[in-house]
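Tertiary structure, described
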Amino acid sequence: MIKSIKAAQRLDSRGNPTVQHRKRLTWRSGSFRAIVPSGASTGANEAVELRDGDPSKYGGKSVEKAVSNVENIIAPALIKSGLRVATDQKKIDELLNSLDGTKNKAKLGANAILGVSMACARAGAAASGLQLYEYLRRESGAKTPYVLPVPFFNVLNGGVHSGNKMAFQETMIAPVGATSITEAVQMGSEVYQHLKKVITKKFGASAIGIGDEGGFAPPISQPHEALDLLVQAVSDAGYEGKVKFAIDPASSEFFKDGAYDIGFKDEKSNPQSPKQLKDLYHSLLKKYPIVLLEDPFAEDDWSSWTEFRKDCPVELVGDDLLVTNKTYVQEAHEKKACDSMLLKINQIGTISEAIESANLAYSYGWSVFVSHRSGETTDDFIADVVVGLRTGHIKSGAPCRGERVAKYNRLMEIEETLLAKGEKFVYAGENFRSAYQL
Ligand code: 2PG
Ligand code: MG
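Now for a description of the structure that goes with this document. (Residues numbered from 1 in each chain as written. Chains lettered and ligands numbered in written order. Predicted model: local features only at pLDDT ≥ 70, side-chain atom pairs only at ≥ 80, totals over all residues. Heavy atoms only, no water.)

Quick notes on the coordination of the magnesium ion (ligand 2)
For a metal with four tetrahedral donors the ideal donor-metal-donor angle is 109.5 degrees, while six octahedral donors give ideal angles of 90 or 180 degrees. Let me state the cut-off plainly: Metal coordination here is assigned from N, O and S atoms located within 2.8 Å of the ion, or within 3.2 Å for Na, K and Ca; omission of water means that sites may look incomplete. Helix and strand assignments follow DSSP, with helices taken as H or I runs no shorter than four residues and strands as E runs no shorter than two, numbered in order from the N terminus.
The protein atoms donating to the magnesium ion (ligand 2) are Asp-248 (OD), Glu-294 (OE) and Asp-319 (OD), with metal-donor distances spanning 2.0 to 2.2 Å. Counting residues between consecutive donors of the magnesium ion (ligand 2) along the chain gives the motif D-x45-E-x24-D. Note that Asp-248 is positioned in strand 7 (residues 244–248) and Glu-294 in strand 11 (residues 290–294), a separation of 46 residues in sequence.

Structure, rendered in structure tokens:
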């Protein structure tokens, strides 16, 4: 049974306030912590992140109201409910939703609710004598053996995550040719270090500054410039054929009046029709070893998604389009808009609902891609989510900066634990899209 729940205002990786939760159980003195992340290129339909809006505090971004909602509304109700963390995750999350009473967690705030849900999962795992990934597997009903994911490292930052002129937000490297997560992390890190040298040589040492997700942000503006840098770095590292690429343009950020302004960070705008953008993607897919495209079109440009999916040869992931919400997952299935769901726990706000959305996506034969947020913390919860739910791939930024590497480090730790226990597992590798069926 839950004894106490405390919340506090802390900072995320961008230096903005976020909510930290601590939970105590009666049966042991240990407390269970969770800290929630925060996005910058947020989808319009995401669960609401409650901010105080008082310009005299953190530029309006303080989260005192959310903290108070945890301590004064959620904590007493949850303690009184007598619900048990070991067995009642779903009921706890239902109670959180009913306390809020809105469709998008606008009353209490998803930042108030999610941390409680996460901390309950951690407490539930401990109370059940399970690792968090084991507990999440039990909750989700996924089968074994465990699948260790391909890490998609965002090594070049653009869009609203950096100050360069690059419209596309994320250009990622994916070591699909590794044989384990530990080897994949090594490959990612080595390519990253080579990329640093390639950038220094081309643009000088002042160009190696990094963006919100730890990737470099050199003075480039076109996607082919980014991909050419990666081709060079992968070749210098000796991993040709083993490391593939992925792009998240986060195109909702530059969709205006029916056109995509790929010059939105430049002096001159450069609006492209959906058809022109589609042609651009196809030319990139032809030229480079790209295996995944996320949010190539905007969240309200459904027809372009459907059109593009007809002949899209790579995994097509919906982020802003789906916001980890089963209503939009179902709509996207009906409209044949994409074939993969990005899973961000704070987009939906509870662990049970995130699991439900993932299971719905799987039921359509889709894949699920777990993601961090651009404003992160060192909480490594999502590493256990990706293993527990067998999603086969995760993006947590570059192999650089504490809040990014926390997840990769936890994944290597899980791999070691499984090895030590002699428990069978596989590395998703080239099969990351069908990990759930492996
Ligand atoms: C995205 C994310 C994470 P943000 O668009 O996929 O990389 O960015 O958290 O800013 O929404
Ligand atoms: Mg995205």
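Additional details are given in the paragraphs that follow.
As for the sheet that holds strand 14 (residues 367–371)
The test is simple: Paired strands, as defined in this entry, are two strands with at least two bridges between them according to DSSP. Axis definition: a line fit to C-alpha positions, over the contact stretch in the case of helices; interaxial angles, taken between N-to-C directions, run 0 to 180 degrees. Contacts between residues were defined by any pair of non-hydrogen atoms, one from each residue, lying within 4.5 Å.
The eight strands are arranged 5-6-7-11-12-13-14-15 in a closed barrel whose pairing can be described as mixed. Between one strand and the next, the sheet's axes are offset by a mean angle of 30°, whatever the strand orientation. Here helix 11 (residues 351–363) sits on the sheet and contacts strand 13 (340–343) and strand 14; the angle it forms with strand 13, its principal contact strand, is near 165°.

A look at the environment of Leu-389
Short version of the rule: Note on classification: 1.4 Å probe, protein chains only; a residue is buried when its accessible area is under 20% of the maximum for its type, exposed when over 50%, partly exposed between these limits.
Structurally, Leu-389 is set in the loop between helix 12 (381–388) and strand 15 (393–395). Residue Leu-389 is classed as buried on the basis of its relative accessible area, which comes to 3%. Spatially, the C-alpha atom of Leu-389 lies 10.0 Å from that of Thr-144, the residues being 245 residues apart in sequence. Leu-389 has contacts with Leu-136, Ser-140, Ala-142, Leu-343, Ile-355, Ala-358, Tyr-362 and Tyr-436, leaving out every residue within four places of it along the chain.

A closer look at the site of ligand 1
Our working rule: Being near a molecule or strand, for a residue, means having at least one of its heavy atoms within 4 Å of it. Any pair of nitrogen or oxygen atoms within 3.5 Å is treated as a polar contact; in protein, a donor-acceptor pairing is required on top of that, and neighbouring residues in sequence qualify only through side-chain atoms on both sides. Computed by Shrake-Rupley with a 1.4 Å probe, the accessible areas treat only the displayed protein chains as cover when residues are assessed. Computed over the protein atoms alone on a 1 Å grid, cavities are sets of points where a 1.4 Å probe fits but cannot get out and pockets are open sets with protein on both sides within 12 Å along at least five of seven lines; a residue lines them when it has an atom within 4 Å of a point. Think of it this way: a molecule belongs to a cavity or pocket when more than half its atoms come within 2 Å of the grid points there. By the convention adopted, Pro, Cys, Tyr, Trp, Phe, Met, Ile, Leu, Val and Ala count as nonpolar, Lys, Arg, Asp and Glu as charged, and the other residues, Gly among them, as polar. Each domain's limits were defined by an automated method or a database of domain assignments.
Lining the immediate surroundings of ligand 1 are 17 residues, of which Ala-40, Glu-170, Glu-213, Ser-374 and Lys-395 lie closest. Note that an oxygen atom of ligand 1 is positioned 3.0 Å from one of the side-chain N or O atoms of Glu-294. Within the contact set of ligand 1, an oxygen atom lies 3.0 Å away from a side-chain nitrogen or oxygen of Asp-319. Starting from 300 Å² of accessible surface for ligand 1 in isolation, the protein chains cover 99%. Under a 2 Å grid-point criterion requiring more than half of the atoms, the pocket assigned to ligand 1 is the largest cavity. Taken together, the residues of the shell around ligand 1 break down into two nonpolar, seven polar and eight charged. Formed jointly, the shell around ligand 1 draws a minimum of three residues from each of two domains, domain 1 (2–129) and domain 2 (140–437).

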